[in-house]
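# Fold and geometry: a report
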Amino acid sequence: MADTQLDHALSVFEEFLRAERLKMTGQRRNMVRAALDQRGHFTAEELYRRLVSEGESVSMATVYRGLRLLEESGIVEGHDFADGQRRYEQALKREHHDHMVCVDCRKVFEYQNREIERQQRQVADENGFEIQDHTLTLYVKCRDWREKGECARRPADEPK
């Protein structure tokens, strides 16, 4: 991750914390850095394991509280993909995208489609609405799982 991206995220987070009358701690600073270093979508458990592996003395409760603050500040965005496990992704300086989630292996795919975006605006306009925000999640079956019964994220012998 570029230092300027981290600096920007820390600045945004510090401003948010000040407004909430909370302090920037070393642990929160490390959590911002670790969250921005995560690739793609990640869970609280994955962030916790990363912090612990880097020598951070942190509890799961602290990670959950920290992720809530990161989400409220706009540093990360959280998603519930209907499997009971919230996933997070970087939110700063990223383009809008939608998601496909494999119902078998739970892999999350990101995609962009201008025609879908145009149609969503059209439907909103036709009904007298202005879109403020939106998400679109398609629940799919990935090719690897359909063809082989396993994929990189989930071996065949792992229960659903």
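This text goes with the structure placed above it.
Attention here is on the structure that accompanies the text.

### Regarding the packing of aromatic side chains
Summed over the entire model, instances satisfying the criterion amount to two aromatic pairs. Ring centres of Phe-13 and Phe-16 lie 6.4 Å apart, and the angle between their planes is 15°; this geometry places the pair in the stacked category. With Phe-13 and Phe-16 both in helix α1 (residues 3-19) and three residues apart, the pair spans about one turn of that helix. Given the relative accessible area of 1%, Phe-13 is considered buried.

### So, the sheet that holds strand β4 (residues 98-102)
Pairing within the open sheet is mixed, and its three strands lie in the order β5-β4-β6. Only two strands of the sheet have a single neighbouring strand rather than two, namely β5 (108-111) and β6 (137-140). For this sheet, the mean angle separating the axes of adjacent strands, direction not counted, is 25°. With four bridges connecting them, β4 and β5 associate as antiparallel partners. Bridged to Val-101 within β5 is Val-108.

### Structural notes on the packing of α1 against helix α2 (residues 26-37)
Between α1 and α2, the least distance of the axes is 10 Å, while the angle of their chain directions is 135°. By the criterion of interaxial angle, the relationship of α1 to α2 is oblique. Where α1 crosses over α2, the handedness of that crossing is right-handed. Seen from α1, the contacting residues are Gln-5, Leu-6, Ala-9, Leu-10, Phe-13, Glu-14 and Leu-17; seen from α2, they are Arg-28, Arg-29, Val-32, Arg-33 and Leu-36. Considered class by class, the residues forming the contact of α1 with α2 number seven nonpolar, one polar and four charged.

### Some words on the side chain of Glu-56
Looking at the element boundaries, Glu-56 is found in the loop between α3 (44-53) and α4 (60-73). Here the side chain of Glu-56 touches Asn-30 through a polar contact of 2.6 Å, side chain to side chain. Apart from residues lying up to four places away in sequence, Glu-56 is in contact with Gln-27, Asn-30 and Leu-51.

### Things to note about the sheet that holds strand β2 (residues 76-80)
Backbone hydrogen bonds hold the strands of a sheet together, and the pairing may be parallel or antiparallel. Taken in spatial order, the three strands of this open sheet run β1-β3-β2, and their pairing is antiparallel. Of all strands in the sheet, those with a lone pairing partner are β1 (42-43) and β2, marking the two edges. In this structure, β1 lies alongside strand β3 (residues 86-90), joined through two bridges in antiparallel fashion. Along β3, the bridge assignment pairs Phe-42 with Tyr-88.

### Looking at unusual backbone geometry
Residue Arg-21 is not a glycine yet carries a positive backbone phi of 60°. Locating Arg-21 in the fold gives a position in the loop between α1 and α2.

### As for the nonpolar core
Of all hydrophobic cores here, the largest spans 24 residues; its most connected members are Phe-13, Val-32, Leu-47, Val-63, Leu-67, Leu-70 and Ile-75. Where this core is concerned, the elements lending two or more residues are α1, α2, α3 and α4. Per-element tally for this core: the top contributor is α1, with six residues. If we ignore the near neighbours within four places in the chain, the residues touching Val-32 are Leu-6, Ala-9, Leu-10, Phe-13 and Leu-70. By size, the runner-up hydrophobic cluster in this structure holds five residues, among which are Cys-102, Cys-142, Trp-145 and Cys-151.

Rules behind the numbers
Residues numbered from 1 in each chain as written. Predicted model: local features only at pLDDT ≥ 70, side-chain atom pairs only at ≥ 80, totals over all residues. Heavy atoms only, no water. Phe/Tyr/Trp six-rings, centres within 6.5 Å; stacked < 30°, edge-to-face > 60°. Helix = DSSP H or I, 4+ residues; strand = E, 2+ residues; numbered from the N terminus. Buried < 20%, exposed > 50% of the residue type's maximum accessible area, 1.4 Å probe, protein only. Pairing = 2+ DSSP bridges. Axes fitted to C-alpha atoms, helices over the stretch in contact; angles between N-to-C directions. Parallel < 35°, antiparallel > 145°, perpendicular 65-115°, else oblique. Left-handed = near helix turned anticlockwise from the far one by under 90°. Contact = heavy atoms within 4.5 Å. Nonpolar A, V, L, I, M, F, W, Y, C, P; charged D, E, K, R; others polar. Polar contact = N/O pair within 3.5 Å; in protein donor to acceptor, adjacent residues only side chain to side chain. Core = buried A, V, L, I, M, F, W, Y, C linked by side-chain atoms within 4.5 Å.

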